[in-house]
Structure formats: C-alpha cells, structure tokens
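# What the coordinates show
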Amino acid sequence: MSRNAAVARTGSEQALAVYQQLRARPGAAFDEVADRLELSAEERERCRDELVSLGLTAPPAASPELAAPSPTADVVVEPDVALLRLLRRERDRLQERLSATSRAHTALEALAGPFLRAGATPRGEIEVEIVDDPHRVRRSLADLTDSVRTAAHFMHTGSVRREELPGELTQDRLWAERGVRIRAMYSRRAASVPEMAQHLEERAALGVEVRFASVVPMNMVLADENFALLPTDPHDLSSAAILARGPGLVRSYLALYEYCWTAAAPYGEEQESEKGGDGLSEQQRTALLMLASGIKDEQIAKNLGVSLRTVSRLLSEVMQELGAASRFEAGVKASRLGLLDGEAP
C-alpha cells in the first residue's frame, strides 16, 4: 500500500483499516500491521488507543480467555462482542448514576420531613409543606412571575402541557425584561414532539438557557435560592408536591440541579453534534433494543411478526436516523443518547 493511500486515511478510517487487517491476518501483531499500512508513530498510537477504547483489540495478557494465535499478536474482538461489552458498561454506569440520584433524593426527603419539623433549623429560615392540591401548586407557580428577582431553574421529565406553553413564553418575556436568568432542562425525547420543538426554539430566542439530558430524575422548579417545588414521588406525576422556602434547604436542591445541568447538552450544540434518534418509530426502537441485546435478525423478525427483509429495512432506517454508517456505530450512538435505557422484549 502506498504512503499516499495511508495518508488519505484520517482518524477512525485509519483505525478501521488496522482493525480489518488484524482480522484478515490472524496472528499478526499490531506493529506489523501498522508498518504494512505505513503509519507514523503518532498515527499508530492514536489507532491503538481508539481500538482499545472501543474494546475491539486488547493485549494478549489483558484477555486470557481469548488466547492469541501468537505471543506477540493482539487479541482481536468481534464487533458484536465488543458492542455488547460496551453497552453493558454504559448501562452499569447509568445505573450507578440513577442509584446516586435516588439516594440523594431520599436524603432530601428526610431533610424535608421529621428533621425540619423537629426544629433542627429555625422555622423563620425554612418552611416545608406537602401540598396535594393541584390548584394550590399552580397558584404558587403563578406567584413566581412577580416574585423572582435573580434566577429561575426548571427540570422537566417530559413535554409541557399544550395549554401551558403560551403562559410560559409570557413569563419568559417578563423575566427577560427584568434580567432574570432562566434555565430549563428537558429529557431528550421532549424535542421529538414538533410542538415542543417549536416552543423550545422560541424559549431559546428569548434568552432561556435550554439543555437536554438522557436521564432527568424528576420535575423540579427552583427560584432565587429561596423557593423549591418538586414531587414527593419522582416516579408518580400525580403525587403530592413538596413546597420548600428558605436558602438552607433550597441550596441543597440547587446542588442536585447543578450536577444534572453540568451533565446535560446545551440546546443547539447537541443538534449539531449528532442526530438524536428522536424520529424513530416504536417498531424501530424495539428492533434497535433487540439488536443491542444480541438478538439475531431472524429472531427479531419472529418477535416483531415481520419478514427478514422488513427487519433489514428497519435497521437501515435506524442507522440513517442516527447518522451511523454501520450497525456497530448505531449501537454506540444509541447508547450515548440514552436510547437503550429500556429492556428488549
């Protein structure tokens, strides 16, 4: 292979070329393949790091169960095996984050309960109330329009109700005129609703800072480090709400918000970086989940009650929606975007 051909490859293309050569030449060492492709020291190091990070290669000693044909040859892992391992690690990391969020919420609930009522903090500084009247909750939110002075922070697990959208924009305009900082965090799937997508664009145009996250733990409203509204049960949208006032407690909720905000993607940047898979149909999502779980095309077709040709078409559409050139790349992008949070049927 000529040097010009090798130079024409950049980044992942070079790593792919090395990986293909390793698979085609069992027993070949990484450096041997890199020499054959005429890669520079910097290029071969980058390729090695990329393949190892994706789990597609490993030193012989790193994976004793996959014996290499030669003591000097790198272990080459099949793409579907590497994909399943990567998805398993990502799911484990996500589960750890969810568990940490759940523990934090449990601790906050404890603070909002008997400890405060027992007088651990002066009553004049903190007020906590459990409200199960939806009208009372809406009145409290409406009062924020006039009372907020510096900042308001919102967290939404789903789309906002249609009848509330105009009022939210009116509120944004009033706050923007007064110099109030407004932040709103949504689940990535919220942007897949056309009406919500338009609403978010209008909010962003008014100066609202919008971000998207794969996991939004609960609905939450915070204002001026002095007001907090959140559910008593994050998994039940009809549960009673916690109304908290006073910086001694609200700052704790704000710390949780800041953690989630840091991990979320800014509006616009996420749309430009890669496609989000929000246009996938339920059937396409199900096929993607089964594929990521290691189910073969034949079994996917049987589970969905469709032909093999239809399964191939569905997965091609998934790849197109995610902007992926292969099923492997589609699985990696789906994991990053939180599309594999569910379980395959």
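What you see is a predicted model; the values in this text were computed from it and never measured.

### Considerations on the side chain of Arg-44
Structurally, Arg-44 can be placed in helix 4 (residues 41-53). For Arg-44, a relative accessible area of 18% gives the class buried. Of the polar contacts made by the side chain of Arg-44, one reaches the side chain of Asp-35; its length is 2.7 Å. Leave out the neighbours within four places in its chain, and Arg-44 touches Phe-30, Asp-31, Ala-34, Asp-35 and Leu-39.

### Quick word on the confidence of the model for the chain
In low-pLDDT segments, the atomic positions of the prediction should not be examined closely. Counting all residues, the mean pLDDT for the chain is 79, and 83% of those residues have values of 70 or more. This model gives residues 1-9 a pLDDT under 50, and the stretch forms 16 contacts once residues within four places in sequence are excluded. Every residue in residues 120-124 is under pLDDT 50, and counting partners more than four places away or in other chains gives four contacts.

### Topic: the packing of aromatic side chains
Evaluated as defined, the whole model comprises three aromatic pairs. Between Tyr-257 and Trp-261, the aromatic rings sit 6.0 Å apart at their centres with planes inclined by 20 degrees, giving stacked as the arrangement. You can see Tyr-257 and its partner Trp-261 sitting in helix 9 (residues 247-263), four residues apart, about one turn around the helix. Tyr-257 gets classed as buried once you look at its relative accessible area, which sits at 0%. The cationic tip of Arg-183 hangs over the ring face of Trp-261; the distance from NZ or CZ to the ring centre is 4.9 Å. The ring of Phe-154 is capped by Arg-203, whose NZ or CZ atom sits 5.8 Å from the centre of that ring.

### Some remarks on the layout of surface pockets
Estimates place the volume of the largest pocket at around 1,200 Å³. Taken together, 35 residues form the lining of the largest pocket, with Val-137, Leu-141, Arg-161, Glu-164 and Asn-219 sitting closest to its centre. If you list the elements that add at least two residues to the lining of the largest pocket, you get helix 6 (134-147), strand 4 (151-156), helix 7 (165-177), strand 7 (220-223) and strand 8 (227-231). Here the element with the most residues in the lining of the largest pocket is helix 6; it accounts for seven residues. Here the residues of the lining of the largest pocket are counted per class, giving 18 nonpolar, ten polar and seven charged.

### Describing helix 2 (residues 12-24)
The terminal C-alpha atoms of helix 2 lie 18 Å apart, and with 13 residues this matches the ideal 18 Å at 1.5 Å per residue to within 8%. Listed as buried for helix 2 are Gln-14, Ala-15, Ala-17, Val-18, Tyr-19 and Leu-22.

### What to know about the packing of helix 11 (residues 282-292) against helix 12 (residues 297-304)
Interhelical geometry of helix 11 versus helix 12 gives an angle of 140 degrees and a closest axis separation of 10 Å. Here helix 11 is positioned oblique relative to helix 12, judged by the angle of their axes. Relative to helix 12, the crossing made by helix 11 is right-handed. Between helix 11, through Gln-283, Thr-286, Ala-287, Met-290 and Leu-291, and helix 12, the contact on the second element is made entirely by Ile-300, Asn-303 and Leu-304. Its residues assigned to classes, the contact of helix 11 with helix 12 comprises five nonpolar, three polar and no charged.

### A few points about the packing of helix 13 (residues 308-322) against helix 14 (residues 327-336)
Relative orientation of the contacting elements helix 13 and helix 14 amounts to 55 degrees, with a least axis distance of 9 Å. Relative to helix 14, the element helix 13 is oriented oblique. Considering how the two elements wind past one another, helix 13 and helix 14 form a crossing that is left-handed. Counting all contacts with helix 13, which are made through Leu-315, Met-319 and Leu-322, the residues of helix 14 involved are Arg-327, Ala-330, Lys-333 and Ala-334.

### Overview of the pairing of strand 9 (residues 241-245)
Among the five residues in strand 9, four count as buried, and that is most of the element. Bridge analysis of strand 3 (residues 127-131) against strand 9 gives five bridges, and the strand direction is antiparallel. Looking across to strand 9, one finds that Val-131 is bridged to Ala-241. Summarising the sheet, strand 8 and strand 9 pair through five bridges and their orientation is antiparallel. Bridging from a neighbouring strand, Ala-228 pairs with Ala-244 of strand 9.

### Observations concerning the pattern of salt bridges
With the rule as written, the count across this model stands at 17 salt bridges. For Arg-181, the salt bridge goes to Glu-209, with nearest N and O atoms at 2.8 Å. Taken together, the residues span a long stretch of sequence, with Arg-181 in strand 5 (residues 181-187) and Glu-209 in strand 6 (residues 209-213) at a distance of 28 residues. Look at Arg-181 and you get partly exposed, because its relative accessible area is 38%. Among the residues examined, Glu-209 registers a relative accessible area of 30% and is labelled partly exposed. We note a salt bridge from Arg-183 to Glu-258, for which the minimum N-O separation is 2.7 Å.

What counts and what doesn't
- Residues numbered from 1 in each chain as written.
- Predicted model: local features only at pLDDT ≥ 70, side-chain atom pairs only at ≥ 80, totals over all residues.
- Heavy atoms only, no water.
- Helix = DSSP H or I, 4+ residues; strand = E, 2+ residues; numbered from the N terminus.
- Buried < 20%, exposed > 50% of the residue type's maximum accessible area, 1.4 Å probe, protein only.
- Polar contact = N/O pair within 3.5 Å; in protein donor to acceptor, adjacent residues only side chain to side chain.
- Contact = heavy atoms within 4.5 Å.
- pLDDT = per-residue confidence, 0-100.
- Phe/Tyr/Trp six-rings, centres within 6.5 Å; stacked < 30°, edge-to-face > 60°.
- Lys NZ or Arg CZ within 6 Å of the ring centre and 35° of its normal.
- 1 Å grid on protein atoms, 1.4 Å probe; cavity = no way out; pocket = protein on both sides within 12 Å on 5 of 7 lines; lining within 4 Å.
- Points joined across faces, edges and corners; volume = space filled by probe spheres on them.
- Nonpolar A, V, L, I, M, F, W, Y, C, P; charged D, E, K, R; others polar.
- Expected span 1.5 Å × (residues − 1).
- Axes fitted to C-alpha atoms, helices over the stretch in contact; angles between N-to-C directions.
- Parallel < 35°, antiparallel > 145°, perpendicular 65-115°, else oblique.
- Left-handed = near helix turned anticlockwise from the far one by under 90°.
- Pairing = 2+ DSSP bridges.
- Salt bridge = Lys/Arg side-chain N within 4 Å of Asp/Glu carboxyl O.

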